[in-house]
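# Residue-level structure breakdown
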Amino acid sequence: MTVVNGEVTREVPVIPGGQRVLGHALEFGRDPLALFQRAREHGDVVRIRFGPFCFYVLNSPSAIRQALVGEARKLGKGLNFGRAKRLIGNGLVMSEGENHHRQRRLMQPAFHRAEIARYVATMRDVAVPRISAWPDGGTLAFDREIRSITLTVLTRTLLSSDVGTDAIDEIERLLRTLLSELVARGIAANVPGLAWVPTRSNRRFSAANRRLGALLTRIIDGYRRAGADHDDLISILMRARDDDTGAGMTSKQLRDEATTLVIAGSETTGNTIAWACYLLAQHPQIQERLQEEADLVLEGADASYETLSRLPFTRAVITEALRLYSPVWILPRRALVDVELGGHLLRAGSRIFFSPYALNRDARLHHDPDRFEPDRWATDYSRSDMRATFFPFGQGIRNCIGEGFAWTESTLLLSAIAARWQLRLADGTAVHPVVSSTLVPSELPIIVTRRR
Ligand code: HEM
C-alpha cells in the first residue's frame with residue numbers, strides 16, 4: 001500500500017507473464033510494442049521488470065498528461081548517457097530544469113510561424129526535384145529515400161548555401177553516418193563503459209562526431225566573425241538573446257542544438273511520410289482522394305505556405321499515419337523528486353515510460369483502432385478530445401518544438417508525391433513496424449508510376 005495525500009492507494013501492480021529472473025526483459029527484446037499494448041490491460045499505472053529493476057508504465061491518458069503537463073517539472077528525461085548524449089551534448093532534447101527552460105526560450109523564435117513560412121522555399125527546392133526525378137515504374141526503398149530527403153531539408157534549412165556546397169555535403173554525409181551508428185549497436189553501444197571500447201563501430205562514431213563538431217564550430221565562428229545574417233536557422237539561433245541576462249548561446253551550445261534539431265527532426269518526419277505512403281499504397285481509394293485534393297488545390301504548381309493550409313485531407317492522412325505508426329513510439333521520464341501520478345506515489349529516481357504507439361491503438365480510445373481511416377479526424381473527435389488522448393508531438397513544457405516544421409514539411413512532401421505518383425507496394429512484401437530510435441518499417445519497397 002502507498003499513502004498519497006493522506007489516502008491509502010493500491011500498490012502499483014507488476015504485470016503478469018514475466019520470467020522469474022529476467023522479468024519482462026526477453027519479451028521487451030522480442031516485441032516491445034506488444035509488451036506495451038499488453039501492459040494496458042493491467043491498469044492505469046503498472047510496472048514491468050527487467051531483472052532486479054522495475055519500471056513504471058503509464059497507461060491512462062490522464063496519468064500521461066499529469067506527467068507531461070501538471071507534474072512535468074518533477075520529472076527529467078533520464079537520458080543522460082550513451083551515444084545520443086555524446087552526439088547532441090546538452091541540446092534541447094537532453095537538457096533539464098532551468099537549463100532546458102532557458103534554451104527553450106532561446107530556440108523558440110526559430111520556430112515561429114513566419115520563420116516556418118520562410119523555410120518552405122528550402123523544403124520545396126530540396127524535395128520537389130528529388131521527388132520529380134524518381135524513375136517511372138521503378139521500385140524505391142521508400143522509407144530510406146524519404147528519410148534521406150528530410151535529412152537534406154533540415155541540413156539546408158540550418159545552413160545557407162553561403163557555407164559552401166562541399167561543407168554542407170560533408171556535414172550531411174557525417175550526419176547520415178552518425179544517425180545510422182546511433183542505433184547500430186543498440187543497447188551495447190549505449191552502456192557508458194562500453195562506449196569507449198575501440199570497436200570499429202565506436203571508432204567510426206567517434207571520428208564522425210569529432211569531424212562534425214569541428215566543421216560546425218568553424219562555420220559558427222566564421223558567422224560570428226563576419227557578423228552577417230545568413231538567412232538560415234543557425235543565424236536565428238545566433239541572434240537569440242536571453243530576456244533576463246542578454247546572453248546568447250555559446251558556440252558549443254549552438255553546435256549541440258544544430259545537431260539536436262537534425263537528430264530529432266529528420267527521421268521522425270521522414271518515417272511519418274513513409275508510413276503515410278505505405279498506408280496509401282494499401283488503400284487505393286484513399287490514395288485517389290488524396291490525389292484529387294492535390295490536383296484541385298495545387299493546380300499543377302508547387303505548394304506555397306498558403307496552399308498547404310488548404311489540404312485538409314492530406315493533413316487527415318498524416319494524422320492517421322501518426323496515430324497508427326507514431327514515430328516516437330516510447331517516451332521516458334525519471335522522477336527527480338517523489339511524484340504522484342495516476343493516484344500512485346512514485347519515489348524520486350523512479351524510471352517511467354509511456355508508449356504513444358500502444359495508447360493510439362487502444363479500442364477504448366479509438367473505434368476499430370487498427371484500421372486506417374483518415375476520415376475519423378473529420379468526424380469523431382473534438383479538439384479537446386484529441387488533446388486529451390492523442391499526443392504524437394508530446395505536450396507541456398517539453399512538447400515538440402518542431403511540430404509546425406514537421407506539419408509543413410510532411411504536408412508539402414505528401415502533396416508533391418500525390419500530385420505526381422501512383423504508389424504500389426511491391427508484390428510479396430510484408431511490412432511490419434520495427435523499433436529503433438524511431439518506429440521504422442521493416443522494409444518498404446514501393447513501385448512508383450507517373451500519373452498522367
Ligand atoms: C512527425 C515528426 C515529429 C514527431 C512525431 C515528433 C515528436 C516529438 C515528441 C513526442 C517530442 C516530445 C518528447 C518528450 O516529451 O520527451 C518531441 C520533442 C522534440 N522535437 Fe520533435 N517530432 C517531430 C519532428 C520534429 C522536427 C521537424 C524537429 C526540428 C526541426 C523536432 C525537434 C524536437 C526537439 C528539439 C524536441 C525536444 C523539445 C524539448 O525537450 O523541449 N521534432 N518531438
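Residues numbered from 1 in each chain as written. Predicted model: local features only at pLDDT ≥ 70, side-chain atom pairs only at ≥ 80, totals over all residues. Heavy atoms only, no water.

### Digging into the overall build of the chain
Worth spelling out the cut-off: Helix and strand definitions follow DSSP, with helices as H or I runs of at least four residues and strands as E runs of at least two, each counted in order from the N terminus. Throughout, radius of gyration means the C-alpha value; the globule benchmark is 2.2 Å times the number of residues raised to the power 0.38. Contact criterion: two residues are considered in contact whenever any of their non-hydrogen atoms come within 4.5 Å of each other. Residue exposure ignores everything except the shown protein chains as possible cover, and the areas themselves are Shrake-Rupley values with a 1.4 Å probe.
Looking only at helices and strands, the chain has 19 helices and 14 strands in total. For a compact globule of 452 residues, the expected C-alpha radius of gyration is about 22 Å, and the chain comes in at 22 Å, within 12% of that figure. Along the three orthogonal principal directions, the C-alpha set of the chain runs to about 65 × 55 × 45 Å. Considering only residue pairs separated by 6 or more positions, the chain has 72% of its internal contacts joining residues 24 or more positions apart. Surface exposure of the chain reaches about 20200 Å², of which carbon and sulfur atoms provide 53%.

### Section: the sheet that holds strand 3 (residues 45–50)
Short version of the rule: Pairing between two strands is assigned when DSSP locates at least 2 bridges connecting them.
Pairing is mixed in the open sheet, where five strands are placed in the order 3-4-10-7-5. Two strands lie at the open edges of the sheet, namely strand 3 and strand 5 (75–76), each paired on one side alone. Pairing of strand 4 (residues 53–58) with strand 10 (residues 351–354) involves two bridges; the strand directions are parallel. If you follow Tyr56 over to strand 10, its bridge partner there is Ile352.

### Focus: the coordination of the iron atom of the ligand
For a metal with four tetrahedral donors the ideal donor-metal-donor angle is 109.5 degrees, whereas six octahedral donors ideally subtend 90 or 180 degrees. We count it as follows: Listed donors are limited to N, O and S atoms within 2.8 Å of the metal, widened to 3.2 Å for Na, K and Ca; water is not among them, so incomplete-looking sites are possible.
Looking at the iron atom of the ligand, one finds just one donor atom contributed by the protein, Cys400 (SG), at 2.3 Å. Among the secondary structure elements, Cys400 is positioned in the loop between helix 18 (383–389) and helix 19 (403–420).

### Topic: the site of the ligand
What counts, and what does not: In this text, near means that some heavy atom of the residue lies within 4 Å of the molecule or strand in question.
Around the ligand, a shell composed of 28 residues is seen, among which Lys77, His100, Arg104, Arg333 and Cys400 lie nearest. When contributions to the shell around the ligand are tallied by element, the ones reaching two or more residues are helix 5 (97–107), helix 12 (251–282), strand 7 (331–335) and helix 19. Per element, the largest residue contribution to the shell around the ligand is six residues, and it comes from helix 12.

### Observations regarding the nonpolar core
One recurring pattern in soluble globular proteins: nonpolar side chains tend to sit buried together. Test applied: To define a nonpolar core, start from buried Ala, Val, Leu, Ile, Met, Phe, Trp, Tyr and Cys residues and group those joined through side-chain atoms within 4.5 Å. Relative accessibility thresholds used throughout: buried, under 20% of the residue-type maximum; exposed, over 50%; partly exposed, between the two (1.4 Å probe, protein chains only).
Judged by nonpolar contacts, the single largest core of 118 residues is most densely connected at Trp134, Phe142, Leu159 and Ile417. A per-element tally of this core places helix 12 first, with 14 residues. Non-local contacts of Ile417, meaning those with residues more than four positions away in its chain, are made with Ile131, Trp134, Phe142, Ile146, Ile273, Cys277 and Leu423.

### Overview of the pattern of salt bridges
If the charged atoms of two oppositely charged side chains come close together, the side chains can form a pair. Quick reminder of the rule: Only one rule defines a salt bridge in this text: a Lys or Arg side-chain nitrogen within 4 Å of an Asp or Glu carboxyl oxygen.
Inspection of the entire model under this criterion finds 32 salt bridges. Of the charged contacts, one joins Arg156 and Glu172 as a salt bridge, the two residues approaching to 3.1 Å between their closest N and O atoms. Of this pair, Arg156 sits in helix 7 (residues 142–158) while Glu172 sits in helix 8 (residues 165–184), and the two are 16 residues apart along the sequence. Classification of Arg156 as partly exposed rests on a relative accessible area of 27%. Residue Glu172 is classed as buried on the basis of its relative accessible area, which comes to 7%. Residue Glu306 pairs with Arg310 through a salt bridge whose shortest N-O separation is 3.2 Å. Taking the relative accessible area as the measure of exposure, Glu306 reaches 47% and is therefore partly exposed. Residue Arg310 is classed as partly exposed on the basis of its relative accessible area, which comes to 39%.

### Brief notes about the pairing of strand 7
By the criterion of burial, strand 7 is predominantly enclosed, with four of the five residues buried. Note: strand 7 against strand 10, four bridges, orientation antiparallel. Within strand 10, the residue paired with Leu331 across the bridge is Phe354.

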